[in-house]
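Single-letter residue listing:
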Amino acid sequence: VAVPVTCLVLETLIIFDFPAKYDLILLIYSCTLFTYCFHRVWPNKYNYQGETSPRFAWFKENKTLFNSIMALALVSAFVLMAMDYSDKLIWFVPVGVIALCYTLTVIPYQGGWIRLRDVPYLKVFLIVASVTYVTFCLPFLYYGWGELLFRMPITLGVLSRALFLFAITLPFDIRDLDFDRNTNLITIPGIVGVNNTKTISLVLLALFLAAESISY
């Protein structure tokens, strides 16, 4: 996950001719890597008991390596943040809060506590919004060009990125359908079905291509 997210950030920097700032790129990579790892290991009732897919089998067999990678990513993120004393780091706060609430049970619900991702239908929209923000909007905000996000064709670029991410995220919801049902998580494939979800994904890809052709 961290590699494609970082590649999308690089794409934004290249397309819009941002100055090369490798500490920003490495910071995004480290934060994304830690967030993904943390989501997999955080102990709660939603742990992947009984999961038999190859990726979870690898995780169980390589917990020490996995935890070491997560720790290294966290340390790297703190070091990179310590190197940047500017107020630009505040733009990481919104997505950081969402990332933590996505994994931690911080939302009161029916006498208990749930994660942000457990809110019905919200999972895919959280992912799309967060990754769109990090890979497209964050570079503009970090470099002080945030006002451009509200001007065409940049606004269309934001929409294009969101459409693309929405289209490629839905298949992962299809992959996780059985697990999500077992944890009583309501997602789009669980409501409209697998075939309809595939159709929605293809329509979103078509809209993405249309937006891209207009933008560039």
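Residues numbered from 1 in each chain as written. Predicted model: local features only at pLDDT ≥ 70, side-chain atom pairs only at ≥ 80, totals over all residues. Heavy atoms only, no water.

## Let's talk about the overall build of the protein chain
For clarity, the threshold we go by: The helix count covers DSSP runs of H or I at least four residues long, the strand count covers runs of E at least two residues long, and both are numbered beginning at the N terminus. Only C-alpha atoms enter the radius of gyration; for comparison, a globular chain is expected to reach 2.2 Å times N to the power 0.38, where N is the number of residues. Methods summary: accessible areas were calculated by the Shrake-Rupley approach with a probe of 1.4 Å, and residue burial reflects only the protein chains presented. Counted as positive: Lys and Arg. Counted as negative: Asp and Glu. His and the chain ends are not counted at all. Charge positions come from single atoms, namely NZ of Lys, CZ of Arg, CG of Asp or CD of Glu.
Tallying secondary structure elements over the protein chain gives ten helices and two strands in all. Starting at the N terminus, the α and β elements of the protein chain follow one another as α-α-α-α-α-β-β-α-α-α-α-α. At 18 Å, the protein chain has a C-alpha radius of gyration in line with the 17 Å of a compact globule built from 216 residues. If you line up the protein chain on its principal axes, its C-alpha atoms span 50 × 40 × 35 Å. Here the protein chain has roughly 12,100 Å² of accessible surface; of this, 70% comes from carbon and sulfur atoms. Placing the 15 positive and 14 negative side-chain charges of the protein chain at their respective mean positions leaves the two points 7 Å apart.

## A look at the environment of A57
Let me state the cut-off plainly: Think of it in three bands: with a 1.4 Å probe and only protein chains considered, a residue is buried below 20% of the maximum accessible area for its type, exposed above 50%, and partly exposed in between.
Looking at the secondary structure, you find A57 in helix α3 (residues 54-61). What makes A57 partly exposed here is its relative accessible area of 30%. Considered as a pair, A57 and Y121 are 64 residues apart in the sequence and their alpha carbons are 28 Å apart.

## A closer look at the side chain of K123
What counts is decided by this rule: In this analysis, two residues are considered to be in contact whenever any of their non-hydrogen atoms come within 4.5 Å of each other.
Within the secondary structure, K123 sits in helix α6 (residues 122-142). By relative accessible area, which is 5% here, K123 ends up buried. If sequence neighbours within four positions are ignored, K123 has contacts with Y102, R117, D173, D176, D180, L185 and T187.

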